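# Reading the structure
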Amino acid sequence: MDEKIGEIKSLLGLNYFIHERIFKHSKNGYISEENMLIVIRRSHNIPKNECQIVVRSLEILGLIERDGRYFRVRKPNKSRDYLILEFKKRLNLV
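This structure is a prediction, so every number in the text was calculated from the model and none was measured.

The rules behind each value
Residues numbered from 1 in each chain as written. Predicted model: local features only at pLDDT ≥ 70, side-chain atom pairs only at ≥ 80, totals over all residues. Heavy atoms only, no water. Axes fitted to C-alpha atoms, helices over the stretch in contact; angles between N-to-C directions. Helix = DSSP H or I, 4+ residues; strand = E, 2+ residues; numbered from the N terminus. Parallel < 35°, antiparallel > 145°, perpendicular 65-115°, else oblique. Contact = heavy atoms within 4.5 Å. Nonpolar A, V, L, I, M, F, W, Y, C, P; charged D, E, K, R; others polar. Salt bridge = Lys/Arg side-chain N within 4 Å of Asp/Glu carboxyl O. Buried < 20%, exposed > 50% of the residue type's maximum accessible area, 1.4 Å probe, protein only.

Before going further, it helps to examine the packing of helix α2 (residues 33-44) against helix α3 (residues 51-60). Running from amino to carboxyl end, α2 crosses α3 at an angle of 110°, the nearest separation of the two axes being 10 Å. Taken together, the axes of α2 and α3 are roughly perpendicular relative to one another. Two secondary-structure elements touch here, α2 through Glu33, Met36, Leu37, Ile40 and Arg41 and α3 through Cys51, Gln52, Val54 and Val55. When its residues are assigned to classes, the contact of α2 with α3 shows 6 nonpolar, 1 polar and 2 charged.

This part is about the pattern of salt bridges. Overall, the coordinates contain 3 salt bridges when judged by the stated rule. Here Arg66 makes a salt bridge to Glu33, at a shortest N to O gap of 3.8 Å. With Arg66 in strand β2 (residues 64-67) and Glu33 in helix α2, the pair connects residues that are 33 residues apart, well separated along the chain. Given the relative accessible area of 46%, Arg66 is considered partly exposed. Given the relative accessible area of 24%, Glu33 is considered partly exposed. A salt bridge links Glu65 to Arg72; the nearest nitrogen and oxygen atoms lie 2.6 Å apart. By relative accessible area, which is 34% here, Arg72 ends up partly exposed.

By themselves, these are just geometric observations and shouldn't be taken as functional.
Below, the structure is given as structure tokens:
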């Protein structure tokens, strides 16, 4: 059971990395769906047919929300270095 929780936390950590990258490419916290999919595909090497799954998971987590033709991206609360350290701890690399 603890292994499953660890795996889920690792996947959540990956979503936060994707969210931060999308935020960096947004303009004033807004990004079009097309540009967001390009960021996901190029930056994280996710296949085109799986990008919608990533977008939906970010919506469920409340990190992005649809606002007309664009998505409003929430500002990340934690720094990149902190997220990397937490992610390494979860994977037992530190």
